[in-house]
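Listed below, chain by chain, are the residues.
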Amino acid sequence: MSLSVEPASAEPERTSSIGGSTRFVPGQSNDRVTVVNGKVQLGQRLKDLWVNRDLLVLLTRTELKVKYKNSVLGYLWSMLNPALVLAIYFFVFKIINGRNGQPNFAIWLFAGLLAWNLFNGAAMGATGVVVGKAGIVKKVAFPRELLALSVVGVAMVMFAIQVVVLILALLLFGISPDWTFVAILPLALLALIVFTGAISVFLSAINVYLRDTQHLTEVLLMAWFWGTPIVYSYGLISTHLANKPGLEWLKYLYLWGNPVTPIVLTFQRAIYGVTQYTSSSTHQVNQLLPNWGVGTYAAVNGIVLGVSVGLFLLALIVFGRLEGNFAEEL
Amino acid sequence: MAVAIGVTDISKQFRLYNEKHTSLKERVIHGGKMPFTPFWALRDVNVDINQGETFGILGRNGCGKSTLLKCVAGILKPTTGEIRVRGTLAAMLELGAGFQPELSGRDNIFLNGSLLGLSRADIAKRFDEIVAFAELEDFIDNQVKFYSSGMYVRLGFAVAVNVEPDVLLVDEVLAVGDAAFQRKCMDHVKRFQREGRTIVVVSHGTDTIRQNCDRVMVMNHGRVITVDDPGEGIRVYLADLLGVGTLEGSETGGIEGNVFAIGTVQAEHGGSGARSHLYPGESLTVTADLDSLAAVPNAMATIAIHDDKNELVFASDPDDPVCQMEVPVGGGVVRFFFPEVPLLDGTYSVSVGVRSETETAIFDWKDQATQFEVANPGRSTGRIRLPLDVSFRLRSTGHTGEVPAVGSVFAPLAGWEENAS
C-alpha cells in the first residue's frame, strides 16, 4: 500500500451530517502527503518561517512579557536602563576626558553601543534558547529556528527603546545627526539584523550539542566587543596602522574581518555626525571615522548585507542538519 | 481507503551514554567520540493507518509507542525508514506543553495555538469557544502559574482539539479533568471520528482503547507484536504485560513445624489447555493441596479474589456451609468451583485459606497463591459482565409488535461459543 499512488477520488466522500458538522471532508480538505522525516530543503525552511511569522511575533512578545512580568516598573525598565547607562557614561567620561577629550563622548559611545547591543543581546540570548525551551522542543513540532529568531526579535525591541532614549539625549544636548547618513541607517540596521540572525541561529543549534558554547560565547563576545571600534575610534587604529609599513593588510582585516565594524561605523557616522575633532589643548587633529562619502558607506553596508544573507542561509542549513536530534539531545 | 499515516521500516536508535560528555573538555579528551550503548527504541516498524480510522497503540512502558508517536509528529527523527502523512497533523503529546506560567491564560491560548500551527486570526475566531470549553471564563486573565493542575490541563486540551487537524495524535492524555470534562473530551473525539478524521491514541487504558479504536497495534521492545481488532489486541497486550503464559500455581515450603499447610494452588478454567485466559462467563476451578499432620474435623475453606489493583473482588462467605470440610491426617485436596466467572478484562489473584469453624484459629492462609486472567473478546468494558437484554417498542398504545434488539451486547463472537460454558 503506497501513499503516493492513491488517487484522491478513491476515497468516498464522508461528509458528516451528524452534529451538523460539514467542515471536514477527507480527501478534499488537505490531501497533500508529506514525508515527515524527509529532508527539509532550504526553500521550504524559509517558507515555513514565513508561514509561522505569527508564532515568531508571539514568541517574541512572550519573551518580553516574561522578562518584565514581576517588576514594579515593568516596561519602563527597558527605557530607564539605557537612559541611566547613558547618564553614567556622560558623567564618567566628562571626568576622565576632561576638557581635552572627544566632545560628547557619551553620544559617540551610545551610537556604537546601540548597534552592538542588538548583536550582543541576541547572540547571548539565542545561545541558550533551544536548551532553555527544552519543554517545547521535546513536545511540539514547529520550526525551531523561530526560538533563536524570537531572541533577535526581543533585541530589536530593546534597540527601538534605546533609539528613543538616544533621540531624547540628542535633543537634550542639542546635537544634530548627519541626516544624509541617517538615510542609510535602515540599510545598516537590516545588515545588522540579518547578521545577528545568522549568528543566533547558528549558536542556538551548536549549544545543544556542546553546552560549552554558552560560556565560550560570553568570552568571545567580550573579545569581539573590544575588536570593534565602539569605545575607541576606528581612526585611532587606522592612523596607527597607516604609519607602519607592511601592516596595511591588518587594517583591511580589521575593517572587513568583522561585519559588525562597518555597521558600527555607519551608526557612529550618522548619529555622532563628525569624522574628526581637534583637541583643544594640543590642537592635534584626531581622526575618528573614515572620510568616506555616503555612497561608500552604503556600498560597504550593502556588501555586509550580502555576506550576512549568505551566512543566514548557511546557518539555516547547519540548523537543519542538527535539528533532527534536538529532542533526544536535550 | 486512503492511507493517512504510512510508516515504512522505521527504526530509531537512541544512544545511551554512560556519562554524557557535552563539554568541550570531555569531547577533546575522548577525541570527539563518546562511548555509548546503542538502544533500539523502534525496530522495523511497518504500519499503515487508514484515513478516518481510530488507531490505538498499546504496550508496556518503554516499548517505543511514544517514540513512534514523536517520530510521526516530526519531533524525533527516525534512524531509518520513512513516514508519510496525508493532510495536516497535530500532536497532543503533553497537554499544555509550552505554556508560559508567567503569562495569562489568554496569552497562553495564543502562544499554544500558534505552536500547534493555528494562525492568529484562527485563534482569535475560536478564542471564546476555547475558553468556554476549558471552563475558564473567570480565570482567563490570571497567570497560568496560579491555575490548578486540572485547569492547566483543561486549557491545554481545549487549545489542542480546536486545531482541527486531519490527523490527531494523542498520547495518554484523554483521562484529564473531572468526569464531566472527560465526557466533553470524548464527545470531541467522537465528533472527530464522525467527521472522518484520523486519530492515533497511545494509552495504557484498555477501556479507552476498546471503546474508541477500530484497530490496535501492540508493541514490545520497539517491535510490532500485532495489529488487530481491539479485543484480540488487548488480550495480546495483557498477556505480554503480565508475562503470564500459563496459569501456574506457586510452590510452598510444605509443613515445617506447622501441623497444617496449604501446598500447591492451581487454577483451571473452561478453556484450559487451549489458551491461558478465560473468556467472561467461563467456569473456574481452583484446587489447593492441603498437608496436615493432624486431623482437623471442622475446617472451613475460604477463598478470595483480588484484582490487579489489589482490590477485593470477591471473598467467600465465612459461614457458608459449602466451605465446611473434614481434613484427615495427611491432608487432601480442596477444590473450589465457580460455575461462571462474570468478570471482564484483568488479571485476578486468588488467595486461599483454611481456618477453624469457630474463627478462633487460622490454620494457614496463602495470599495470592495463584492467578488467572480474563480477556474479553467483546467490546463491553468495566469490571463485571452483567447479563443484559435490550428490546425496543413503539410508544403508541395500539401497537404491540416488539422489535427485536439490534443485538445482544454479548452476542457470541466467532470462535468463542465453543469455549463458552
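Computed from a predicted model, the values in this text were never measured in an experiment.

K.L.:
Sorry, what's going on with the overall build of chain A here?
P.N.:
In terms of helices and strands, chain A carries 15 helices and three strands. Going through the 330 residues of chain A one by one, you find that 38% of them count as buried. In chain A, the share of contacts with a sequence separation of at least 24, taken over all contacts with a separation of at least 6, comes to 81%.

K.L.:
Got a minute to help me understand the pairing of strand S3 (residues 54–58) of chain B in this structure?
P.N.:
Residues and elements named next belong to chain B. Of all the five residues making up S3, five are buried; the element is thus mostly covered by neighbouring parts of the structure. Judged by which residues are buried, S3 turns out to be covered on both faces: Thr54, Gly56 and Leu58 on one side and Phe55 and Ile57 on the other are all buried. Across four bridges, S3 lies against strand S7 (residues 198–202) in parallel orientation. Paired with Gly56 across the strands is Val201, a residue of S7. Here four bridges tie S3 to strand S8 (residues 215–220), and the two strands are oriented parallel to one another. In the strand pairing of S8, Phe55 is matched with Arg215.

K.L.:
Is there a simple way to think about the sheet that holds strand S1 (residues 33–35) of chain A in this case?
P.N.:
Paired through their backbone hydrogen bonds, the strands of a sheet run either parallel or antiparallel. What the four strands build is an open sheet, ordered S1(A)-S4(B)-S1(B)-S2(B); its pairing is antiparallel. Unpaired on one side and paired on the other, S1 of chain A together with strand S2 (36–50) of chain B mark the two borders of the sheet. The average undirected angle you get between the axes of adjacent strands in this sheet is 25 degrees. Sheet topology places strand S1 (residues 3–17) of chain B next to S2 of chain B; 11 bridges connect them, and they run antiparallel. Among the inter-strand pairings, Val3 of chain B is bridged to a residue of S2 of chain B, identified as Asn50 of chain B.

K.L.:
For this particular structure, what's the right way to read the domain arrangement of chain B?
P.N.:
Interface size is commonly expressed as the accessible area that is lost once the parts come together. All names here are of chain B. When its domains are assigned, chain B resolves into domain 1 (3–242) and domain 2 (247–421). The interface of domain 1 with domain 2 comprises 11 residues on the first partner and 11 residues on the second. Looking at the side of domain 1 that touches domain 2, the elements with two or more residues in it are helix H7 (206–212) and helix H8 (230–242). With seven residues, H8 is the single largest residue contributor to the side of domain 1 that touches domain 2. In terms of residue class, the side of domain 1 that touches domain 2 is made up of five nonpolar, three polar and three charged.

K.L.:
Explain the environment of Leu250 of chain A here, please?
P.N.:
All names here are of chain A. Position of Leu250 among the secondary structure elements: in helix H12 (residues 248–256). Judged by C-beta crowding, with 15 C-beta atoms within 10 Å, Leu250 ranks as partly exposed. Linking Leu250 and Phe319, residues 69 residues apart in sequence, is a C-alpha distance of 33 Å.

K.L.:
I tried to follow unusual backbone geometry on my own but got confused; where do I start?
P.N.:
If a residue is not glycine, its phi is most likely negative; likewise, a peptide bond is most likely trans. All names here are of chain B. Its identity is not glycine, yet Asp44 carries a phi of approximately 45 degrees, on the positive side. Checked against the element boundaries, Asp44 lands in strand S2. Even without being a glycine, His221 presents a positive backbone phi close to 50 degrees. As for its position among the elements, His221 is in the loop between S8 and strand S9 (223–228).

Conventions used here
Residues numbered from 1 in each chain as written. Chains lettered and ligands numbered in written order. Predicted model: local features only at pLDDT ≥ 70, side-chain atom pairs only at ≥ 80, totals over all residues. Helix = DSSP H or I, 4+ residues; strand = E, 2+ residues; numbered from the N terminus. Buried ≥ 20, exposed ≤ 12 C-beta atoms within 10 Å, placed from the backbone. Contact = placed C-beta atoms within 7 Å. Pairing = 2+ DSSP bridges. Axes fitted to C-alpha atoms, helices over the stretch in contact; angles between N-to-C directions. Domains from an automatic or database assignment. Nonpolar A, V, L, I, M, F, W, Y, C, P; charged D, E, K, R; others polar.

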